[in-house]
Amino acid sequence: MAAPKKGRSASAQSRPGRSLAFILIAIAALTGGMFLSGHPTPRLGIDLAGGTSITLTAKNEPGQPNAINKTNMNTAVDIMNRRVNGLGVSEAEVQTQGSDNIIVNIPKGTNSKEARDQVGTTAKLYFRPVLATEVSGSAASASPSPSASSSSSSKATDKATEKATSSSSASPTSSATSQGRAVTDALKADSTPSASSSASSSASPSASSSASPSASSSASASAAATKLQAQYTALDCTDKAQRAKAGEGSKETDPTVACGKNSSGQWQKYVLGPAEVKGTDIKSAAAVFDTQSAAGWKVTMEFTSGGSKKFANITGKLAQNQSPQNQFAIVLDGDVVSDPFVNQALTGGNAEISGSFDQTEAQSLANMLKYGSLPLDFKESSVTTVTAALGGEQLHAGLIAGAIGLGLVVIYLVVYYRGLSIIAIPSLLVSGALTYVIMALLGPTIGFALNLPAVCGAIVAIGITADSFIVFFERIRDEIREGRSLRPAVERAWPRARRTILVSDFVSFLAAAVLFIVTVGKVQGFAFTLGLTTVLDVVVVFFFTKPLMTLLARRKFYASGSKWSGLDPKALGAKPPLRRTRRPSAPVDPKEA
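On a predicted model such as this, the values are computed, not experimentally measured, just so you know.

**A look at the pattern of salt bridges**
(1) Moving on: Under the definition given, this model contains ten salt bridges.
(2) Moving on: In this structure, the salt-bridge partner of Lys310 is Asp281, at a minimum N-O distance of 3.4 Å. Of this pair, Lys310 sits in helix H11 (residues 305-318) while Asp281 is found in the loop between strand E7 (277-278) and strand E8 (282-290), placing the two residues 29 residues apart along the sequence.
(3) Moving on: Since its relative accessible area comes to 37%, Lys310 is described here as partly exposed.
(4) Moving on: Salt-bridge contacts for Lys298 lead to Asp290; the nearest nitrogen and oxygen are separated by 3.8 Å.
(5) Moving on: Here Lys298 falls in the buried class, since its relative accessible area comes to 14%.
(6) Moving on: Each of the salt bridges in this network shares a partner with another, and the network as a whole consists of Glu479, Arg484, Arg492 and Arg496.

Pasting the structure below:
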């Protein structure tokens, strides 16, 4: 008996049941996950199931009358598309309409509220120093006292609810209140020279005429401080309408007022200095779960080199101040999402936004920061429900076409390969089951939506999968034609068939990957499905088809070469069995005595 070739694993050949058990357990686990997720069917694209259409209208910003132009609109479309369709498979559609409108179509089954927040949020992020703050509305204390523990807390996300600069009266009168004095004193304190805080310095009022260069500049600064003081005094952050208008029209170089919730869930109002760091200074952002302190979800940010210098500069200045002016506010679209304090300069080039985020909120915020802010502000003009562009009839017709194609493949396998079809048909069913379950799971996981081109990709995959079986079966037949019995023929045929299958599937996957990268819209759905089914073809052939063939090769029906097995040596024109004979020994001359 010839020794086995080096590198051949006898144990792997003799234990095909392990591979079969592995793939069957995987299918069972994925199916269980599908039902547990509450999504037993794949999400359908907007062309098959309809969805929601959102119309957004661009608004001109103060001082930028020509901001609405083709370049900015195209940039906004690109950013919105990446926000709602980051992987290119959710089937969301974003396109311009006219000169100032953008239409966003979202498939049915998508969280429409979350999508509306993502596409409509400008995501303009600023890091501003806190000049004054207090609890807003009825939650505010009538006579708050300064609290040392508030400013020395180790939690970076705790918002101080009691400040030394808080108001002593919840109902200010026409006379100067402590609330107003807090604003004025804060603006005076925020006069440190800085490239980005010149507006704050120019806006700082002075009670003394000698502190200002001229009477006119003093009057102008005083008027700005008075106006900001009035806004801060009148601001009630518990009122949704007032929160929406807080700081409206303010430039990034000007002090402003804003609202935000503190760690106790109370609305807090703020006076903020000019922006020191912008969202454009952020290099990357990600949502992570804080496993060390179990504080929940947070958003981590990495600054650019320029942003790192700005952040280190402002935190170094704030660390020298007393509470609350040692805090900086992280302001997103006018709302304070966090106001951590600092006690030293932060030079690591990283920052984080933490608070009462859930996973969806943290990922949504990270997504907006990562892809950048919109160049324009938009208002939501209309939200309508749209019906399926193609409808259920077209989907039904596509499924019928797929069933007909699958039926023709099965008939061919039964007629031509006979008993081998018992291996090929279950392999097709396993491949189909894996494809269906994974598509259903990808819906809630990455937002994958099945459109008509994706259905076409799944139908094309039937031929790719059947082709792999045919390659393997023909290699086995070739070995039988050479005179080998079935079990050695299976093991000798597999290495050559495996090589051919891998090369063929690699070419198909490469074509799908290139198509996915260079195209947009619905074609990406076709490419994604084609690539997915190609990978699954390799999995099925390696872990199901080959082990099943090895097991059945031990059965008498196949091993004896029955004419119905598809492996009949006579029908295949096999040569006589290979037999090894010894060479006749040469005659030996008798030795002479």
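**Some words on the packing of helix H2 (residues 16-36) against helix H17 (residues 522-552)**
(1) Moving on: Running from amino to carboxyl end, H2 crosses H17 at an angle of 140 degrees, the nearest separation of the two axes being 8 Å. By the angle between their directions, the pair H2 and H17 is classed as oblique. As H2 runs across H17, the sense of the crossing is left-handed. Listed contacts from H17 to Pro16, Ser19, Leu20, Phe22 and Ile23 of H2 are Val539, Val540, Phe543, Phe544, Pro547, Leu548, Thr550 and Leu551.
(2) Moving on: In the contact of H2 with H17, the residues fall into eleven nonpolar, two polar and no charged.

**What to know about the environment of Val119**
(1) Moving on: Within the element layout of this structure, Val119 appears in helix H5 (residues 112-120).
(2) Moving on: Note on Val119: relative accessible area 0%, which makes it buried.
(3) Moving on: For the pair Val119 and Val94, spaced 25 residues apart in the sequence, the C-alpha separation amounts to 9.4 Å.

**A closer look at the packing of aromatic side chains**
(1) Moving on: Enumeration over the complete set of coordinates arrives at 17 aromatic pairs.
(2) Moving on: Both rings, one in Phe127 and one in Phe328, keep their centres 5.8 Å apart while their planes meet at 40 degrees; by these two values the pair is tilted. Here the residue Phe127 occupies a position in strand E4 (residues 125-135), and Phe328 occupies one in strand E10 (residues 328-332), the gap between them amounting to 201 residues.
(3) Moving on: Looking at Phe328, the relative accessible area reads 6%, which means it is buried.
(4) Moving on: On the basis of an interplanar angle of 55 degrees and a centroid distance of 5.4 Å, the ring pair of Tyr417 and Phe473 is categorised as tilted. With Tyr417 in helix H13 (residues 391-417) and Phe473 in helix H15 (residues 452-481), this residue pair connects regions lying 56 residues apart in the sequence. By the burial criterion, Tyr417 is buried, and Phe473 matches it.
(5) Moving on: Joined through ring pairs, the aromatic side chains of Tyr412, Tyr416, Tyr417, Phe472, Phe473, Trp494 and Phe542 make up one cluster.
(6) Moving on: Geometry around Tyr232 places Lys269 over its ring, the cationic atom sitting 5.0 Å from the centre.
(7) Moving on: Above the ring of Tyr416, the side-chain terminus of Arg477 is found at 5.1 Å from the ring centroid.

**Re the packing of helix H16 (residues 486-518) against H17**
(1) Moving on: One can describe the packing of H16 onto H17 by two numbers: an axis separation of 8 Å at closest approach and a directional angle of 170 degrees. Regarding the angle of H16 to H17, the classification is roughly antiparallel.
(2) Moving on: Class assignment of the residues belonging to the contact of H16 with H17 gives a composition of 18 nonpolar, five polar and five charged.

**A look at H16**
(1) Moving on: With 33 residues, H16 extends 46 Å from end C-alpha to end C-alpha; this agrees with the ideal 48 Å at 1.5 Å per step.
(2) Moving on: At Trp494, H16 is deflected by roughly 35 degrees, the largest bend along its length, and proline Pro495 occurs up to four residues later in sequence.
(3) Moving on: When we look at burial in H16, the residues that qualify are Leu486, Ala489, Val490, Glu491, Ala493, Trp494, Ala497, Ile501, Asp505, Ser508 and Ala512.

**A few points about the side chain of Thr534**
(1) Moving on: Examined against the element boundaries, Thr534 turns out to sit in helix H17.
(2) Moving on: Beyond its immediate sequence surroundings of up to four residues, Thr534 is in contact with Ile464, Asp505, Ser508 and Phe509.

**A word on unusual backbone geometry**
(1) Moving on: Ser323 connects to Pro324 through a cis peptide bond whose omega is 5 degrees.
(2) Moving on: You can see Pro324 is positioned in the loop between H11 and E10.
(3) Moving on: One non-glycine residue, Arg418, lies in positive phi territory at about 50 degrees.
(4) Moving on: Assignment of secondary structure puts Arg418 in the loop between H13 and helix H14 (421-446).
(5) Moving on: Classification of Arg418 as partly exposed rests on a relative accessible area of 35%.

**Side note on the nonpolar core**
In a soluble, globular protein the nonpolar side chains are often hidden away together inside.
(1) Moving on: Counting residues in each nonpolar core, the largest one holds 48 residues, and the members touching the most others are Leu420, Phe473, Ile476, Leu486, Met549 and Leu567.
(2) Moving on: The element that contributes the greatest number of residues to this core is H15, accounting for ten residues.
(3) Moving on: Apart from the residues lying within four places of it in its own chain, the contact partners of Leu420 are Phe473, Met549, Tyr558, Ser565, Gly566 and Leu567.
(4) Moving on: Within the second largest apolar cluster, 23 residues are counted, among which are Val277, Ala285, Phe303 and Phe357.

**Regarding the environment of Gly402**
(1) Moving on: Residue placement: Gly402 occurs in helix H13.
(2) Moving on: Leave out the neighbours within four places in its chain, and Gly402 touches Ile459 and Ile462.

**Structural notes on the state of the cysteines**
(1) Moving on: In total, this model carries one disulfide according to the counting rule given.
(2) Moving on: Across the disulfide, Cys237 is cross-linked to Cys259 (sulfur-sulfur distance 1.9 Å). The S-S bond linking Cys237 to Cys259 shows a torsion near -75 degrees; that makes this disulfide left-handed. Placement of Cys237 in the loop between helix H9 (215-234) and helix H10 (240-245) and of Cys259 in strand E5 (residues 256-261) is noted, with a sequence separation of 22 residues between them.
(3) Moving on: Residue Cys237 is classed as buried on the basis of its relative accessible area of 0%.

Conventions we followed
Residues numbered from 1 in each chain as written. Predicted model: local features only at pLDDT ≥ 70, side-chain atom pairs only at ≥ 80, totals over all residues. Heavy atoms only, no water. Salt bridge = Lys/Arg side-chain N within 4 Å of Asp/Glu carboxyl O. Helix = DSSP H or I, 4+ residues; strand = E, 2+ residues; numbered from the N terminus. Buried < 20%, exposed > 50% of the residue type's maximum accessible area, 1.4 Å probe, protein only. Axes fitted to C-alpha atoms, helices over the stretch in contact; angles between N-to-C directions. Parallel < 35°, antiparallel > 145°, perpendicular 65-115°, else oblique. Left-handed = near helix turned anticlockwise from the far one by under 90°. Contact = heavy atoms within 4.5 Å. Nonpolar A, V, L, I, M, F, W, Y, C, P; charged D, E, K, R; others polar. Phe/Tyr/Trp six-rings, centres within 6.5 Å; stacked < 30°, edge-to-face > 60°. Lys NZ or Arg CZ within 6 Å of the ring centre and 35° of its normal. Expected span 1.5 Å × (residues − 1). Bend = angle between axes of the 7 residues up to and from the residue. Core = buried A, V, L, I, M, F, W, Y, C linked by side-chain atoms within 4.5 Å. Disulfide = S-S within 2.5 Å.

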